[in-house]
Amino acid sequence: MGGTARAAVFLGDGTYEVREFAIPAPPPGGAVLKVEAVGMCGSDVMQFHGQKHVPGEASPVVPGHEIVGRIHAITPESAAAWGLAEGDRVCVDEIVKCGRCKTCLAGAGLCTNLRLYGYTMGADHEGGLWGGYGEYLRLLPNTHLMKAPESLTAAELTVFEPLANALNWVASVRVSPGDRVVVQGPGHQGLLCAAAALACGASQVIVTGTGADELRLKTALALGAHHVIDVEAEDVVARVGELTGGSMASVVMDLTPVPAAFRTALDLTALSGARVALAGLKHFTPVDGVLVDLISLKNMSIQGCAGSTPSSMEQAVRLLADRPEIARTMAGTHVGLDDVEHGIALLERRAAGEDAVHVSLVHED
Ligand SMILES: [Zn+2]
Ligand SMILES: [Zn+2]
């Protein structure tokens with residue numbers, strides 16, 4: 001095999017460097033992926049600044065967990081186990097369970113030896129190439145790989161990962177035909193929640209944002225959302241009342257980092273039986289002034305939302321194959337390995353005069 005590959009390494013202090021690594025041979029029972037593109041995500045920014053939020057997070061690390069690539073080298077036993085051959089394009093589920101611990105054997109719960117691409121295996125661990133910001137990636141046995149369509153570009157396909165989260169979350173609050181859904185926060189994860197709610201047949205989808213979110217609210221409409229609301233320009237509760245004929249929302253999904261949005265979420269719900277999905281992390285800031293009586297009196301369900309499941313991963317890749325317009329609308333912009341800094345600036349919304357609904361890192365051929 002031989003040769004070298006480049007990868008961005010986050011040093012955990014708000015800096016990174018591009019390093020060269022040896023292109024690995026497939027680990028026993030595994031494979032090597034040639035990474036085509038990786039989605040850049042808000043949690044990459046936390047990682048960049050050394051804010052650890054995943055159990056067992058390593059540093060320094062090659063980050064990147066929204067990975068699309070082609071099988072570069074594979075052992076015969078893995079080719080048979082995965083049903084894959086060299087050259088096949090796959091989306092990689094970042095969650096690798098050990099398959100041996102108590103919870104794995106019980107088939108439910110969180111694996112106690114959980115490994116996550118882009119997080120838990122550092123740049124000094126066995127060759128270092130364990131994240132999508134590298135041109136090549138080692139694939140461990142037990143990795144859940146999904147064959148990816150050729151009809152989309154790799155950069156477009158990287159939305160499979162946030163879409164898998166969105167599909168998991170809309171399922172957890174049982175979005176179905178007839179639902180009136182409000183999504184607060186039009187970041188790429190919020191926009192994909194709107195797309196997922198529409199795919200589940202929600203009758204009305206309303207996305208809220210601020211004056212700075214012009215591009216994102218436009219994208220919400222392009223994805224098929226029925227209405228968007230700028231919460232700085234309009235009274236959001238009154239406007240949702242108007243748009244729903246007084247019924248208010250049967251489902252509210254809070255995707256914002258703003259603590260007060262949770263209070264608003266409670267005000268946006270219907271009189272009885274609404275479901276509220278909490279997915280926007282508030283940086284561990286408490287939410288002031290919540291009237292929990294509203295939750296009781298309105299028979300509300302509050303659902304915490306994090307991550308995806310193997311089946312929502314499968315569903316996401318299938319949905320992108322069936323509805324490529326979702327990926328094309330969400331593709332946003334991309335950067336190269338020498339321009340990771342700019343990608344991070346876009347994610348932090350400090351790139352002067354420029355906004356993007358999604359950013360991916362595309363590796364050169
Ligand atoms: Zn992510
Ligand atoms: Zn396990």
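Residues numbered from 1 in each chain as written. Chains lettered and ligands numbered in written order. Predicted model: local features only at pLDDT ≥ 70, side-chain atom pairs only at ≥ 80, totals over all residues. Heavy atoms only, no water.

1. Re the overall build of the protein chain
The cut-off we apply is this: Each helix corresponds to a stretch of at least 4 residues labelled H or I by DSSP, and each strand to a stretch of at least 2 residues labelled E; elements are numbered beginning at the N terminus. The atom set for the radius of gyration is the C-alpha atoms, and the globule formula is 2.2 Å times the number of residues raised to the power 0.38. Partly exposed residues are those whose accessible area sits between 20% and 50% of the maximum for their type, while under 20% is buried and over 50% is exposed, using a 1.4 Å probe and protein chains only. In what follows, residue pairs with any heavy atoms lying within 4.5 Å of each other are defined as contacts. Residue exposure ignores everything except the shown protein chains as possible cover, and the areas themselves are Shrake-Rupley values with a 1.4 Å probe.
A tally of regular secondary structure across the protein chain gives 13 helices and 17 strands. Relative to a compact globule of 365 residues, whose C-alpha radius of gyration would be 21 Å, the protein chain shows 21 Å and is just as compact. With respect to the three principal axes, the spread of C-alpha positions in the protein chain is 65 × 50 × 40 Å. Looking at the protein chain residue by residue over its 365 residues, the buried ones come to 54%. Intrachain contacts of the protein chain at a sequence separation of at least 6 include 71% that bridge at least 24 residues. Accessible area for the protein chain stands at about 15,000 Å²; split by element, carbon and sulfur atoms hold 54% of it.

2. Some words on the coordination of the zinc ion (ligand 2)
Put simply, a metal with four donors set out as a tetrahedron has ideal angles of 109.5 degrees, and one with six donors set out as an octahedron has ideal angles of 90 or 180 degrees. Definition in use: For Na, K and Ca the donor cut-off is 3.2 Å, while for other metals it is 2.8 Å, and in both cases only N, O and S atoms qualify; water is not among them, so sites may look incomplete. The rule is simple: four donors are tetrahedral if all their angles sit between 85 and 135 degrees, four are square planar and six octahedral if opposite donors span more than 155 degrees and the others lie between 65 and 115, and anything that fits none of that is irregular.
Coordination sphere of the zinc ion (ligand 2), protein contribution only: Cys98 (SG), Cys101 (SG), Cys104 (SG) and Cys111 (SG), at 2.3 to 2.4 Å. Because the angles between the four donor atoms bound to the zinc ion (ligand 2) fall within 103 to 118°, the donor set is best described as tetrahedral. Sequence spacing of the donors to the zinc ion (ligand 2): C-x2-C-x2-C-x6-C. Residue Cys101 is found in the loop between strand 6 (95-96) and helix 3 (102-106), and its partner Cys111 is found in the loop between helix 3 and strand 7 (115-116); the two are separated by ten residues along the sequence.

3. Side note on the UniProt feature "domain: Alcohol dehydrogenase-like C-terminal" (unreviewed entry) in the protein chain
Applied cut-off: UniProt positions are given in the numbering used here, feature names are shortened, and annotations may be inferred rather than shown by experiment.
Residues annotated in UniProt with the feature "domain: Alcohol dehydrogenase-like C-terminal" (unreviewed entry) correspond here to residues 190-321. Spanning residues 190-321, this segment combines 42% helix with 17% strand, and its end C-alpha atoms are found 21 Å apart.

4. Digging into the coordination of the zinc ion (ligand 1)
The protein atoms that coordinate the zinc ion (ligand 1) are Cys41 (SG), His65 (NE2) and Glu66 (OE), at distances spanning 2.1 to 2.3 Å. All donors of the zinc ion (ligand 1) come from a single chain, and their spacing in sequence reads C-x23-H-E. You can see Cys41 sitting in the loop between strand 3 (31-40) and helix 1 (42-48) and its partner Glu66 sitting in strand 4 (residues 66-74), a full 25 residues away along the chain. The same class applies to Cys41 as to Glu66, namely buried.

5. Let's talk about the packing of aromatic side chains
The following threshold applies: Only the six-membered ring of Trp is used, alongside the rings of Phe and Tyr, when aromatic pairs are assigned; centres must lie within 6.5 Å, and planes under 30 degrees apart are stacked while those over 60 apart are edge-to-face, with the rest tilted.
What the rule picks out here adds up to three aromatic pairs. Relative to Phe48, the ring of Phe10 has its centre 5.1 Å away and its plane inclined at 70°; by these criteria the two rings are edge-to-face. Taken as a pair, Phe10 in strand 1 (residues 4-10) and Phe48 in helix 1 lie far apart in primary sequence, 38 residues in all. A relative accessible area of 1% means that Phe10 is categorised as buried. On the numbers, 6.4 Å between centres and 55° between planes, the contact of Tyr16 with Phe48 is tilted. Taken together, the residues span a long stretch of sequence, with Tyr16 in strand 2 (residues 16-22) and Phe48 in helix 1 at a distance of 32 residues. Here the aromatic cluster, defined as three or more aromatic residues joined through ring pairs, consists of Phe10, Tyr16, Phe48 and Tyr133.

6. Considering the pairing of strand 13 (residues 251-254)
Just so we agree on the cut-off: The pairing criterion for strands is at least two bridges between them, as found by DSSP.
Side chains of strand 13 alternate between two faces, with Val251 and Met253 and Val252 and Asp254 buried alike. In terms of strand pairing, strand 10 (residues 180-184) meets strand 13 through four bridges, oriented parallel. Bridge pairing in strand 13 links Val181 to Val251. Where strand 13 meets strand 14 (residues 275-278), four bridges bridge the pair, whose relative direction is parallel. In the sheet register, Val251 faces strand 14, and the bridge partner there is Arg275.

7. A closer look at the sheet that holds strand 15 (residues 301-304)
Let me state the cut-off plainly: Only the contacting stretch of a helix is used when fitting its axis, a line to C-alpha atoms as for every element, and angles between N-to-C directions run 0 to 180 degrees.
Reading across the sheet, the six strands line up as 12-11-10-13-14-15 and stay open at both edges, with parallel pairing between neighbours. Each having just a single partner strand, strand 12 (227-230) and strand 15 make up the two edges of the open sheet. Between one strand axis and the next, the sheet turns by 15° as a mean value, whatever way the strands run. Across the sheet, helix 7 (residues 214-223) is in contact with strand 11 (204-209) and strand 12; its angle to strand 12 comes to roughly 165°.

8. Re the domain arrangement of the protein chain
As a reminder, the rule being used: For each domain, the first and last residues come from an automatic or database assignment. When two parts are brought into contact, each loses some accessible area as probed by a 1.4 Å sphere; the total of that loss over both is the buried area. By convention in these notes, a salt bridge is any Lys or Arg side-chain nitrogen within 4 Å of a carboxyl oxygen on Asp or Glu. Pairs of N or O atoms within 3.5 Å make up the polar contacts considered here, provided that, within protein, one atom can donate a hydrogen while the other can accept it, and that residues adjacent in sequence are counted only when both atoms are side-chain atoms.
What the domain assignment lists for the protein chain is domain 1 (4-159 + 331-362) and domain 2 (162-304). For domain 1 and domain 2, the distance between their C-alpha centroids amounts to 30 Å. At the interface, ten residues of domain 1 touch ten residues of domain 2. Both faces considered, domain 1 and domain 2 share a buried interface measuring about 900 Å² in area, 57% of it formed by carbon and sulfur atoms. When the buried area of domain 1 at its contact with domain 2 is split by residue, Val159, Arg349 and Val357 rank highest and sum to 57% of it. At the surface where domain 1 touches domain 2, the tally comes to two salt bridges. Where domain 1 touches domain 2, the interface holds five residue pairs in polar contact (both at pLDDT 80 or more).

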